[in-house]
Amino acid sequence: MNSGLACTVFLPGESQGIAGSAHVSSVSMRVEWEGGGVEFQYHALSASKGGYNDKMLIFSAADQSGTYSFYFNDEAIVDAMSGYRLPPGLATQIARATPSMRAFRGVALWLVLGISILIALYFAVVALSDNVVDFAVEQIPVEMEVELGKAAAGEQLGDMQVCSATPVVQAVDEIGKRLVEGLGETPYTYRFLVVDIPDVNAFALPGGYIFINWGLIEKADTPDQVAGVVAHEIQHAVARHGLRNVIARAGIWMLVGALFGDLQGIGGLIAGGAGELAALSFSREQEDEADRLGLELLYAAHFDPSGMPQFFEKLKEEQAKMGLDLPSFMSSHPDTDARISNLQAVITARGKSETTPLSLSWSEVKEAGCQPTHHSDPDKQVEGATTE
């Protein structure tokens, strides 16, 4: 979590505000005041503009005690939250409440202070070129990459609950295992976790840690649609996109470490970026690659490849109706219509292959619900999963 940001807190039923301090993480906001505190996940928050001058940013959320309101007098809170992927609804509300900001996209802001900006810009030209970053990625052992992913996954699990309903865990476990088998030889042991978040989203961390939101399971009409998203995320892990992005952000110091074989120093820099991994966006080329290879993986694992473009199309239409941003795996980097069209063109040209149905009924999986529980170890299988 970040250092505290000053705010005024209005407790349930109280008309007098008190001084408070807010802390934000990748999935939640915690606000503390003298004698108390409360924490809300982002999907429970709403944002608006108001206050005595109608220029304050107000976050509100409710629990069993009533409604809490947190008033912020400047945009420092927006800067702090912009390093994370927020629920589309909340991101849109913040953007509307802070029109002086550029569109709020949940992408980490580069903050460069004083005269160091001149030095940083000079080195960025050298250190962030594709060839140099690719070279640095090649120097990182898989074991170090897995440790990075595990650290980031553990931090995520500290802020959320996982779904433990046996049909849900078994279905995702089966989908994941079939896709991994379709990969063939891989240096990673993949872990698939369904987390109790209502937003339709999924993301991959380095080393094979794949997170799937419960909202995605609820929205999907078939297991093939879920498999399409998971295959896309698996290919991000296979191509080491997350690791590449961390190295690119570390810049010149990571490059120097790679050139001189300072793996211990590199490890420290990578570990320092673990908490930001779930919030980092992928480039247009990375998304295109994950689409293309993910589709191939669906064929190899005997899923209906049409599930991928079908789900993307469904989400695009529903999000457009609500006027909200698309989830991260449908990042706006590549044109969404073009992505869907490209996938459909490949399927039309190649044709559908033999498919294998899931061993469970998809309606049974969705009807089981999430049944959230705490789960702190990303390497440990959630209770209810099938045994290997």
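In the block above lies the structure referred to throughout.
The following paragraphs examine the structure supplied in this document. (Residues numbered from 1 in each chain as written. Predicted model: local features only at pLDDT ≥ 70, side-chain atom pairs only at ≥ 80, totals over all residues. Heavy atoms only, no water.)

### Overview of the overall build of the protein
This is how it is decided: Only DSSP runs of H or I reaching four residues or more are called helices, and only runs of E reaching two or more are called strands; each is numbered from the N terminus. Under the scheme applied here, a residue whose accessible area is under 20% of the maximum for its type counts as buried, over 50% as exposed, and between as partly exposed, the area being computed with a 1.4 Å probe on protein chains only. For this analysis, residues touch if any pair of their heavy atoms sits within 4.5 Å.
Looking only at helices and strands, the protein features 15 helices and 12 strands. Taking all 388 residues of the protein together, 49% fall into the buried category. Of the contacts formed within the protein by residues at least 6 apart in sequence, a portion of 66% connects residues at least 24 apart.

### Here's the deal with the pairing of strand S1 (residues 5–10)
Operational definition: Strand pairing is assigned whenever DSSP identifies at least 2 bridges connecting the two strands.
Of the two faces of S1, only the one carrying Leu5, Cys7 and Val9 is buried; Ala6, Thr8 and Phe10 on the other face are not. When S1 meets strand S2 (residues 18–24), the two strands line up antiparallel, connected through five bridges. Within S2, the position partnered with Thr8 by the bridge is Ala19. By the bridge criterion, three bridges tie S1 to strand S7 (residues 66–72) in an arrangement that is antiparallel. Across the sheet, the residue bridging to Val9 is Phe70, located in S7.

### A look at helix H14 (residues 336–350)
Rules: Here the expected span of a helix is defined as 1.5 Å times the quantity of residues minus one. Directions pointing from the helix axis toward each C-beta atom define the arc.
The end-to-end C-alpha distance of H14, which contains 15 residues, comes to 21 Å, matching closely the 21 Å that a straight helix rising 1.5 Å per residue would cover. For H14, the complete set of buried residues consists of Thr336, Arg339, Ile340, Leu343 and Ile347. End-on view of H14: buried residues confined to an arc of 95°, all on one side of the axis. In H14, the exposed residues that point more than 90 degrees away from the buried face are Asn342, Thr348 and Ala349. Gly351 sits one or two positions beyond H14 and adopts a positive phi of about 85°.

### Topic: the sheet that holds strand S5 (residues 46–50)
Keep this limit in mind: For helices, the axis comes from a line fit to the C-alpha atoms of the stretch in contact; other axes are also lines fit to C-alpha atoms, and the angle between any two N-to-C directions lies between 0 and 180 degrees.
Spatially, S4-S3-S2-S1-S7-S6-S5 is the arrangement adopted by the seven strands of the open sheet, whose pairing is antiparallel. In this open sheet, the two strands that pair with only one neighbour each are strand S4 (36–41) and S5. Each strand of the sheet is rotated relative to its neighbour by a mean of 30°, with strand direction disregarded. Its contacts with the sheet put helix H2 (residues 88–97) on S5 and strand S6 (56–63), and the angle it makes with S5 is roughly 10°.

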